[in-house]
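# Summary of the model geometry
Residue-level listing of the chains:
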Amino acid sequence: MRSLLQSDLLDQVRKAGLYVVLLFVTFLICFPLLWSLSTSLKPSTEIFATPPTLFPSEYSLEQYKSLIYGKDMYFVPGTTYRPKTSPPQHFLSWFANSIIVTFGSTLISVVVSTLAAYSLTRFRYWGRRFIPYFSLLGYMVPSIILVFPLFLVMVKLGLTNNLWSLVLGYVSISLPFCMWLMWAFFRGIPIELEEAALIDGASRFRVFYEIVLPMAAPGIIAAAIFSMIVAWNDYLFARIFINSIQKLPLTVGVMHFFEGVHVNWGLMMASAVMMTLPLAFLFMVVQRHLVAGFGAGAVKG
Amino acid sequence: MDVRLEKVTKAFGSVVAVNDIDLTIREKEFVTLLGPSGCGKTTLLRMIAGLEKVSGGSIYFGDRLVNNVRPGDRDVAMVFQNYALYPHFNVARNIGYGLKVRKTPKAEIERRVCEVARILEIENLLKRKPRQLSGGQRQRVALGRAIVRKPFLFLMDEPLSNLDAKLRVTMRSELKRFHIKLGATTIYVTHDQLEAMTMSDKIAVIDAGVLQQFTTPQEIYNRPANMFVAGFIGSPPMNFLAGTLSHENGPALDFGFTRQPLPAAVHSVVRDLPRGKKLILGVRPQDITLTNPARPEGLPAKVWLVELVGSEKLVDLSCGDDVKLMAEVKAEEDIAVEQTVGVRLNPERLHLFDPETGRSLRD
């Protein structure tokens, strides 16, 4: 009896120790995010306060207001006001550009990869067995190698300084992997289901959208999330393909808060929080499907 | 409406899966396509369903050529081996899908789905998803999906093979009952000869894409057309003994260690065959009698294995140098390993085959 109690106690201590370690690691990982959030909620005067405070002594939405209402960073009273010259005044444009480019490239990648995967797994023609491997080969080339050739292509197409250049650029990165993912996923969907629906009288198209697509939903969500991450987080393509400040996406736009030596940390952190929130929220909503999508594709592929 | 197959062929590249099959399935008949795995029976069924294109030949439903008719327009229903239930629909939607696609009014769909669910005793499952059902329940739902459309032709691709043995026996009789009640033509594919024998009006035995025999179960059992059919039908399988023909004292087969007179049914066929011709004698285990080990009569044989299967015993015997036989006797018979028994073959139940063609020799 005594040894049982002792081992129980030991178990509890071990568990407690484990939780402490896990909490510590979690805190380490989350700290940068916490610090960004905290800094973004401080007024500019408190950001460099000594000692530094994790929880602001005075909560302020000053940084967010600057971004959303477009505060002129450079305006000095007594001089002539020139509109749209200061970075925060473009923040909402950058946000819109990021959303447009992300949504556009994701839509194209997902639609094309889904239809391609369906074709590769359901119809018979020469080459259908090795096309997926070729597409994966394309994905293995790092984007930095592709950026200059792609830039020349954009010049020839007349798409430089145009959001379409980013959309197409991101599609070229995400489409190969999305196609590979969807191909592996579709291979796991039994063809008998479609045959049963065909015998029931459904047309091919109806079978595709009523039977196959709902079953492919986890894979589609996984492919969409991957595409969104690629597009939302990209810096390189945007830096090279876009010139004018109002056409930049968020990743390059917020770099304008670095002014030589001085960094406007308040605006920077507020931007960081606003950049992180959409994807974080999306992840929370679809995380269940994400795991299912990647897992199922891996196991069945 | 009959289903008529004329010289139906299917080739996948250089592989001929179905070779020149002629078959007529009469209205309301229950016909089984029986054969080992890979023999082409499923491919043939899929061609009738419209899921595979026909490489050669024609398929008629009545007078209508259906080679190029879409599966959905053929008025057939199919039950798949893995049931193929739509996982994201509940049972009611699964059953009613075919009706919905054909724009049947909602009230009518509901009425027919409930009726079918009642017949199949799955009314309490209508709101469940397939993943929440057992194998037997899924099978009923798959059946319900086929029945509800009241098609003229039912196609079933080994629907019982994923069920446990006990459930298989129950479902076999239920399927037969449904067939009689619905009065629809049914084409059933299986590799299980017991299913074929118990359920069918007629059996089409197929091997390597070629039709071997198409007749009633009784005929197939009693008068198999060739060695393949003879060996495939019947459990335990038929024994085959190779011998040479002799005409001394009447037609008989010489096995070296013994001489077996041939049944009257084959006398007219073997009369013209030369002496010494190699022939194969076929005898079913059930048609072998074992005589008392104490006073063996007939051909002496040594018992080397006895298997009890309930009311019968399967006895492995060896005669002569290397001839192996299997006999089926009543469980009460006192036979033990290493005993020497007498083997008597029922002369009226013997089959004779030509070893070169494999074909059965009889009048």
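The following paragraphs examine the structure supplied in this document. (Residues numbered from 1 in each chain as written. Chains lettered and ligands numbered in written order. Predicted model: local features only at pLDDT ≥ 70, side-chain atom pairs only at ≥ 80, totals over all residues. Heavy atoms only, no water.)

A few words now on the overall build of chain B. Looking only at helices and strands, one finds nine helices and 20 strands in chain B. On the principal axes, the C-alpha backbone points of chain B span a range of 80 × 45 × 35 Å. Classification of the 363 residues of chain B by burial places 52% in the buried group. Put simply, 66% of the contacts in chain B that link residues at least 6 apart link residues at least 24 apart. For chain B, the exposed surface amounts to about 16,800 Å²; the carbon and sulfur share of it is 49%. For chain B, the centre of its 51 positive side-chain charges and the centre of its 43 negative side-chain charges are spaced 10 Å apart. (Helix = DSSP H or I, 4+ residues; strand = E, 2+ residues; numbered from the N terminus. Buried < 20%, exposed > 50% of the residue type's maximum accessible area, 1.4 Å probe, protein only. Contact = heavy atoms within 4.5 Å. Areas by Shrake-Rupley, 256 points an atom, 1.4 Å probe, with all protein chains shown as cover. Lys, Arg positive; Asp, Glu negative; His and termini not counted. Charge placed at Lys NZ, Arg CZ, Asp CG, Glu CD.)

Within the secondary structure, E52(B) is located in the loop between α1 (41-49) and β4 (56-61). Residue E52(B) is classed as buried on the basis of its relative accessible area, which comes to 11%. Within the structure, E52(B) has its side chain in polar contact with the side chain of R46(B) (distance 3.3 Å). Residue contacts for E52(B): discarding those within four places in its chain leaves R124(A), K10(B), F12(B), R46(B) and M47(B). (Polar contact = N/O pair within 3.5 Å; in protein donor to acceptor, adjacent residues only side chain to side chain.)

Taken together, the contacts link 24 residues of chain B with 17 residues of chain A. Among the residues of chain B in contact with chain A, Y86(B), Y97(B) and V101(B) are the three that bury the most area, contributing 26% of the side total. Linking chain B with chain A are three salt bridges, by the criterion used here. Close ionic contact of R46(B) with E195(A) constitutes a salt bridge, the shortest N to O distance being 2.6 Å. Top element by residues in the side of chain B that touches chain A is helix α2 (residues 91-101) of chain B. It accounts for four residues. (Buried area = accessible area lost by both parts, 1.4 Å probe. Salt bridge = Lys/Arg side-chain N within 4 Å of Asp/Glu carboxyl O.)

Before going further, it helps to spend a moment on the sheet that holds strand β10 (residues 210-215) of chain B. All names here are of chain B. Read across the open sheet, the six strands follow the order β6-β7-β8-β3-β9-β10; overall the sheet is mixed. Because the sheet does not close on itself, it has two edges, and the strands there are β6 (76-79) and β10. For this sheet, the mean inter-axis angle between neighbouring strands, taken without regard to orientation, is 15 degrees. Summarising the sheet, β6 and strand β7 (residues 153-157) pair through four bridges and their orientation is parallel. Residue pairing for β7: A77 is matched across the bridge by F154. The strands touched by α1 are β3 (30-34), β6, β7, β8 (185-190) and β9 (202-207); relative to β7, the strand with the most contacts, the crossing angle is about 150 degrees. (Pairing = 2+ DSSP bridges. Axes fitted to C-alpha atoms, helices over the stretch in contact; angles between N-to-C directions.)

Glancing now at the pattern of salt bridges. Within the structure shown, the criterion is met by 25 salt bridges over all chains. For D73(B), the salt bridge goes to R70(B), with nearest N and O atoms at 3.4 Å. With a relative accessible area of 40%, R70(B) lands in the partly exposed category. A salt bridge links K302(B) to E338(B); the nearest nitrogen and oxygen atoms lie 3.4 Å apart. Taken together, the positions of K302(B) in strand β16 (residues 299-308) and E338(B) in the loop between β18 (323-330) and β19 (340-345) put the pair 36 residues apart, joining distant regions of the chain. Three or more residues are tied together by salt bridges with common partners; here these are E195(A), K10(B), R46(B) and E52(B).

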